[in-house]
Amino acid sequence: MNLEYIDIEYLNDLKVNIQSNLEYYKSDESWLDSYFEGQEWIRQTKIRAHEVDLQLPQTTTMHFDYENSKRLYTAFKGLTITQATDERLWVYLTHKTFWKYMRKRWSVESYIEKGSAVDVIRERYFFMGNRDRALIRNGIARLWWYGYVSYDDTREDPFELTRMLLSKLDIAQSLLERTFSRNPLITKSILSVLVNLEKSNGSFPDREQFRSLMMHMNQLGGVTILDSYERPELEALVTGKLEKIAK
């Protein structure tokens, strides 16, 4: 199939009318066909992708992010970085293709009661203002990016690092909200060290230790060119820093 996206004019219409459209976001069926009835709001790309069904969340804790990341990234592996940072694609997918998933994952009713529904919709169904964070906050884009920064076809299980990335919420958040996170070489090096630590002695950095590591990597990226490092160098750098933090 060819991927489709929403025309920018209609995307902007939805974005400025979130508050007045809250009732639509409580619908169990996608509503854009009727909302834009008679208008050519859909555009088609030449990007080929496989059809994919996402596993619907069952409870507030059973989200299946790992399984869904595998499915989505495998189906959309052909996306370029430019295409993967295009809000028009992901807004179409959150509002149309994967509407039922979005309803299960981020049902707006509970957020309406808390008075935060508009913010949640803007964050999960669209792109928020901070572009780096937006990519892992949008409800569908995040699944692709999890795969992009961790998929390693040199491993027996190419998604082994993806499993590590999503094994703890702190890892995904602390790692992917950094300026260096769009470079898969860096993210895979960090995740590889974590996998090796777990396999070797079952040890694992706690929340504060991992955050300290991410702060160090972020600061290092400000004074050196991390992109120039080879993977063994990056893994040695991460291992050495974790050892110092642990002491």
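Residues numbered from 1 in each chain as written. Predicted model: local features only at pLDDT ≥ 70, side-chain atom pairs only at ≥ 80, totals over all residues. Heavy atoms only, no water.

(A) Local environment of the overall build of the protein. Counting secondary structure elements, the protein contains 15 helices and two strands. Over its C-alpha trace the protein gives a radius of gyration of 19 Å, about what one expects of a compact globule, namely 18 Å for 247 residues. With respect to the three principal axes, the spread of C-alpha positions in the protein is 60 × 40 × 35 Å. Within the protein, the proportion of its 247 residues that are buried is 47%. If you take every contact in the protein between residues at least 6 apart in sequence, the share linking residues at least 24 apart comes to 70%. Carbon and sulfur atoms provide 47% of the accessible area of the protein, an area that totals close to 12700 Å². Taking the average location of the 34 positive side-chain charges in the protein and that of its 36 negative ones, the two points are 3 Å from each other. (Helix = DSSP H or I, 4+ residues; strand = E, 2+ residues; numbered from the N terminus. Rg over C-alpha atoms; globule rule 2.2 N^0.38 Å. Buried < 20%, exposed > 50% of the residue type's maximum accessible area, 1.4 Å probe, protein only. Contact = heavy atoms within 4.5 Å. Areas by Shrake-Rupley, 256 points an atom, 1.4 Å probe, with all protein chains shown as cover. Lys, Arg positive; Asp, Glu negative; His and termini not counted. Charge placed at Lys NZ, Arg CZ, Asp CG, Glu CD.)

(B) Structural detail: unusual backbone geometry. Positive phi, close to 60 degrees, is recorded for Phe 64, a residue that is not glycine. Note that Phe 64 resides in the loop between β2 (42-48) and α3 (65-75). The class of Phe 64 is partly exposed, set by a relative accessible area of 22%.

(C) Local environment of the environment of Leu 197. Its location among the elements puts Leu 197 in helix α13 (residues 184-201). Judged by relative accessible area, which is 23%, Leu 197 ranks as partly exposed.

(D) Local environment of helix α8 (residues 117-124). Within the span of α8, buried status applies to Ala 117, Val 118, Val 120, Ile 121 and Arg 124. Each buried residue of α8 sits inside an arc of 165 degrees when the element is viewed along its axis, so together they form one side. (Arc of directions from axis to C-beta.)

(E) Here's a closer look at the nonpolar core. Ile 6, Leu 72, Phe 76, Trp 90, Trp 144, Ile 190 and Met 217 are the most contacted members of the largest nonpolar core, which has 80 residues in total. In this view, Met 217 contacts Phe 180, Ile 186, Ile 190, Leu 226, Leu 237 and Val 238; residues no more than four positions away in its chain are not counted. (Core = buried A, V, L, I, M, F, W, Y, C linked by side-chain atoms within 4.5 Å.)

(F) Representation of the environment of Ser 212 in the model. Mapped onto the fold, Ser 212 is located in helix α14 (residues 207-223). Its relative accessible area of 33% is what places Ser 212 among the partly exposed residues. Between the C-alpha atom of Ser 212 and that of Lys 241, which follows or precedes it by 29 residues, the distance is 9.2 Å.

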